[in-house]
Amino acid sequence: MNWLSTEFEWLDWAVLGVGLGLVVWAVYRAIQKDKKKMAGASSEDYLFGKGEPWYIIGAAIFAANIGSEHLVGLAGTGAKDGVGMAHWEMQGWMILILGWLFVPFYQLLNNKLGKIITMPDFLKFRYTKKTGSWLSIITLIAYVLTKVSVTAFTGGIFFEYLLGLPFWWGAIGLIAVTAIFTVFGGMKGVMTLSAIQTPILIIGSFLVLFLGLAALGGGSVSEGWTAMMDYCSKLHDGYGTTHMFHWEEGDPMYQEYPGFVVFLGASIIGFWYWCTDQHIVQRVLGQTKGEDNAVVMKRARRGTIAAGYFKLLPVFMFLIPGMIAAALAGNGQFNLDNTDAAFANMVKQILPMGIKGIVTIGFVCALVASLAAFFNSCATLFTEDFYKPMKQGKSEEHYVLVGRIATVVVVLLGLLWMPVMMSMDTLYSYLQGIQSLLAPAMVAVFTLGIFSKKITPKAGEWGLIGGFVIGMLRLITNVITDSGKADMTGWFWDNTAWFWQTNWLIFECWLLVFIIVMMIVVSCVTKAPSKAQVEAITFTPEYRKKIFESWGVWDVVASLGVIALCGLFYWYFF
């Protein structure tokens, strides 16, 4: 038996089959236990939980962030562009902003409004009902452009290169299996799958990392690292892919990641994702219920500090293995005709027989759990924010059916978008490009809404809708002009070149500035916020005292540790 076979052998298939069977059994048992446990529980307890320890909060934030785009897209970007995209991953310091700055605000709002608040709820209260509804619309469109299409694409790529299945069989098969799982598994099934896949992916990814370096270095991990850095430093016309900042215009990566702007652009996306996105914020919102403010804030803040340390891992789990794959392919040790297949090729070529099957189980669980969570979110957003207000008094079975129909529509739109997505650069670059068009409006509306008493309700509405419309117009021009690379001539294209040819990161920064200025101008000519809207974001002396009581010296030391580790990574790969 060849334990080092570079193919998916019978033992891998056996491990995969038995493992998936055990996963199905574990999910079924968890669902049955949950039905008994949740009898009589409130919906808030079910959705948000209560009183979880800080390390569980940190792990939940980390697990919520890791998706299929990391396993395929981040590794693929590492193979193509090295550490250029690490700005979007080395953001443990940004999670600290959630814990130190935003948790007190969300806690204050919960106290004053008397309920656990969601991000659309906040916009509806601080601005207008239309603003909150538009956030739901933007979220559904984002699911079409990123979540459904990206997850289906990553499944197709992984199954094609690892298991030999045709691409579309893998992509559509994944959606079909997930649809069945969503109906029978629900959110408890998603959480169970997440618990199963996280340790498998972490252990499996680090096996890929160390075994890949050993293969590259002739059995030595340190020599493998040196060989990887030497190889990648010669790529891109000698400018290399081993540094995060690209300052010279002759550098092929300068047009994509121009100088310090890459850090600013990544920070805007990170600020939106880590501090205002419901998917992440919900992990700490649930800790703001029924206890002393200082105790709650301390636990939530320490959870974000733990998540900051966890966030250091994905670069080494996925991006660096992509760089190793590029070096191995450059040495002729295996073929890499598609950089987005870098991680699948590493699993197939590097891991021993049997281990490949185990890691594949983790990947399948990650794909299904990720897509099922989006299915649930689509159904909830459409039904709760749009359909129920228009069609009140219907049965629960009716609302469930409508939610499932809405999910099917989103899935079909995502599949139709996939061919367009596949033509737009590597997966992770595409994903961040889309987020760069959505993030500025979110950052401006949430930040000004929380930190300014003078921003009016109509200003928030204009900022969110206006920023989103501009972002979608830019996306349309990206599709038509191949992200500004095509040679477009004519009166319209010549006079609008500044709009469709400007680098995506520079465009993102200026879009944020434009939205902020627009909101300030609109605030000067529209009705001021009500007394209740202003008081909900006003800190009293008593509440400020609670904030100071919620942290100690070790909270500060641990936070500085996250910042120091991020700084060391930037220093090494500067």
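Owing to the predicted nature of the structure, the values given are computational and were not obtained by experimental measurement.

Rules and cut-offs
- Per chain, the residues get numbers from 1 upward, laid out in the order the sequence is written.
- The predicted origin of the model limits local features to residues at a pLDDT of at least 70 and limits the giving and counting of side-chain atom pairs to 80 or more, whereas totals for whole chains, interfaces and linings rest on all residues.
- Only hydrogens and water are removed before side-chain values are computed, so all heavy atoms of the structure are retained for them.
- The helix count covers DSSP runs of H or I at least four residues long, the strand count covers runs of E at least two residues long, and both are numbered beginning at the N terminus.
- The atom set for the radius of gyration is the C-alpha atoms, and the globule formula is 2.2 Å times the number of residues raised to the power 0.38.
- Contacts: residue pairs with any heavy atoms within 4.5 Å of one another.
- Lines fitted to C-alpha atoms define the axes, with helix axes restricted to the stretch in contact, and inter-axis angles between N-to-C directions lie between 0 and 180 degrees.
- Each angle gets one of four labels, with under 35 degrees taken as roughly parallel, over 145 as roughly antiparallel, 65 to 115 as roughly perpendicular, and the rest as oblique.
- Put simply, a crossing is left-handed when the front helix is turned counterclockwise from the back one by less than a right angle, and right-handed when it is turned clockwise.
- Note on residue classes: Ala, Val, Leu, Ile, Met, Phe, Trp, Tyr, Cys and Pro are nonpolar, Asp, Glu, Lys and Arg are charged, and everything else, Gly too, is polar.
- Think of a 1 Å grid over just the protein atoms. A cavity is a set of points where a 1.4 Å probe fits yet cannot get out, a pocket is an open set with protein on both sides within 12 Å along at least five of seven lines, and lining residues have an atom within 4 Å of a point.
- Grid points are joined across faces, edges and corners, and a volume is the space filled by probe spheres set on the points.
- What counts as a ring pair is set by centres within 6.5 Å for rings of Phe, Tyr and Trp (its six-membered ring), and what kind of pair is set by the plane angle: stacked under 30 degrees, edge-to-face over 60, tilted for all other angles.
- Exposure classes here rest on a 1.4 Å probe applied to the protein chains alone. A residue is buried below 20% of its type maximum, exposed above 50%, and partly exposed in between.
- Two conditions define a charge sitting above a ring: the NZ of Lys or the CZ of Arg must be within 6 Å of the ring centre, and it must be within 35 degrees of the ring normal.
- Expected helix span is taken as 1.5 Å per residue step, with the number of steps being one fewer than the number of residues.
- Consider a residue and the seven residues that end there alongside the seven that start there; fitting an axis to each set, the bend is the angle between those axes.
- On a scale of 0 to 100, pLDDT captures the predictor's confidence in every residue.
- The term salt bridge refers to a side-chain nitrogen of Lys or Arg lying within 4 Å of a carboxyl oxygen of Asp or Glu.
- Nine residue types can take part in a nonpolar core, namely buried Ala, Val, Leu, Ile, Met, Phe, Trp, Tyr and Cys, and a core is a set of them joined through side-chain atoms within 4.5 Å.

**What about the overall build of the protein chain?**
At step 1: Scanning the protein chain from N- to C-terminus turns up 24 helices and zero strands.
At step 2: Expected size for 574 residues packed as a compact globule is a radius of gyration near 25 Å; at 24 Å, the protein chain falls within 12% of this value.
At step 3: Each principal axis of the C-alpha distribution contributes one length, and for the protein chain these read about 70 × 65 × 50 Å.
At step 4: If you take every contact in the protein chain between residues at least 6 apart in sequence, the share linking residues at least 24 apart comes to 81%.

**Re the packing of helix H6 (residues 119-126) against helix H7 (residues 129-163)**
At step 1: With their axes 6 Å apart at the nearest point, H6 and H7 run at an angle of 155 degrees to one another. Our classification of the angle between H6 and H7 gives roughly antiparallel. The two elements H6 and H7 meet at a crossing, and its hand is right-handed. For the pair H6 and H7, contact is made by Met-119, Pro-120, Leu-123 and Lys-124 and by Lys-129, Thr-131, Gly-132, Ser-133, Leu-135 and Ser-136, respectively.
At step 2: Looking at the contact of H6 with H7 residue by residue, the class counts come to four nonpolar, four polar and two charged.

**Let's talk about empty space enclosed by the protein**
At step 1: Under the definition given, this model contains two cavities of 30 Å³ or more.
At step 2: Estimated volume of the largest cavity: approximately 50 Å³.
At step 3: Taken together, Phe-62, Ala-63, Ile-66, Gln-197, Thr-198, Leu-201, Ile-202 and Met-317 make up the lining of the largest cavity.
At step 4: Those elements that provide at least two residues to the lining of the largest cavity are helix H3 (54-65) and helix H8 (167-216).

**Focus on the packing of aromatic side chains**
At step 1: This structure, assessed with the given rule, holds 34 aromatic pairs.
At step 2: Seen in terms of ring centroids, Phe-245 and Phe-260 are 6.1 Å apart; in terms of plane orientation they differ by 10 degrees. Their pairing is stacked. You can see Phe-245 sitting in the loop between helix H9 (221-232) and helix H10 (261-276) and its partner Phe-260 sitting in the loop between H9 and H10, a full 15 residues away along the chain.
At step 3: Owing to a relative accessible area of 43%, Phe-260 belongs among the partly exposed residues under this scheme.
At step 4: One aromatic cluster is present, built from ring pairs that chain together Trp-93, Phe-245, Trp-247, Phe-260, Phe-263, Tyr-570 and Phe-574.
At step 5: The positively charged end of Arg-301 is found above the aromatic ring belonging to Trp-100, 4.6 Å away from the centroid.
At step 6: Geometry around Phe-507 places Arg-474 over its ring, the cationic atom sitting 4.5 Å from the centre.

**Structural notes on helix H17 (residues 427-451)**
At step 1: When the terminal C-alpha atoms of H17 are compared, their 35 Å separation across 25 residues agrees well with the 36 Å that a helix rising 1.5 Å per residue should span.
At step 2: Along H17, the largest kink reaches about 35 degrees and is centred on Leu-438; proline Pro-440 follows within four residues of it.

**A short note on the confidence of the model for the protein chain**
At step 1: Put simply, the protein chain has an average pLDDT of 84, and 91% of its residues get 70 or more.
At step 2: Of all secondary-structure elements in the protein chain, the lowest mean pLDDT belongs to helix H2 (residues 43-48), at 45, while helix H21 (residues 504-525) reaches the highest, 96.
At step 3: Note that residues 40-49 has pLDDT below 50 and, in this model, 18 contacts with residues that lie over four places away or in other chains.

**Structural notes on H7**
At step 1: In this model, H7 (35 residues) spans 48 Å end to end at C-alpha, consistent with the 51 Å of a helix rising 1.5 Å per residue.
At step 2: In the structure, H7 departs most strongly from a straight axis at Tyr-143, where the bend amounts to approximately 45 degrees.
At step 3: Where burial is concerned, most of H7 is hidden: 26 out of the 35 residues are buried.
At step 4: Of the residues one or two after H7, Gly-164 is the one with positive phi, at around 80 degrees.

**Things to note about the environment of Phe-514**
At step 1: Turning to its location among the elements, Phe-514 is positioned in helix H21.
At step 2: For the pair Phe-514 and Asn-335, spaced 179 residues apart in sequence, the C-alpha separation works out to 46 Å.

**Some words on the pattern of salt bridges**
At step 1: Tallying each qualifying case throughout the model produces six salt bridges.
At step 2: For the salt bridge of Glu-89 with Lys-311, the shortest nitrogen-to-oxygen distance reads 2.6 Å. Separated by 222 residues along the polypeptide, Glu-89 in the loop between helix H4 (68-81) and helix H5 (92-113) and Lys-311 in the loop between helix H12 (293-310) and helix H13 (314-330) bring together distant segments of the chain.
At step 3: Residue Glu-89 is classed as buried on the basis of its relative accessible area, which comes to 1%.
At step 4: Residues joined by salt bridges that share partners form a network here, namely Lys-130, Lys-458 and Glu-461.

**Notes on the side chain of Gln-435**
At step 1: Summarising the element assignment, Gln-435 is placed in helix H17.
At step 2: Residue classification places Gln-435 among the buried residues on the basis of a relative accessible area of 11%.
At step 3: When neighbours within four sequence positions are excluded, Gln-435 is seen to be in contact with Ile-269, Trp-272 and Pro-440.

**What to know about unusual backbone geometry**
At step 1: Positive phi is not limited to glycine here, since His-236 has a value of about 55 degrees.
At step 2: Assignment of secondary structure puts His-236 in the loop between H9 and H10.

**Focus on the nonpolar core**
At step 1: With 174 residues, the main nonpolar core has Trp-88, Ile-320 and Met-519 as its most contacted residues.
At step 2: With residues near it in sequence (within four places) discarded, Ile-320 still touches Leu-209, Trp-225, Met-228, Val-315 and Phe-573.

**Focus on the packing of H7 against H17**
Helix packing geometry: the angle between the two helix axes and the distance between the axes.
At step 1: Contact geometry for H7 and H17: axes closest at 11 Å, N-to-C directions at 165 degrees. One finds that H7 runs roughly antiparallel with respect to H17. By crossing handedness, the relation of H7 to H17 is classed as left-handed. Where H7 approaches H17, its residues Leu-135, Ile-138, Ala-142, Leu-145, Thr-146, Ser-149, Val-150, Phe-153 and Thr-154 are matched on the opposing element by Leu-427, Tyr-430, Leu-431, Ile-434, Leu-438, Met-442 and Phe-446.
At step 2: For the contact of H7 with H17, the per-class residue count stands at 13 nonpolar, three polar and no charged.

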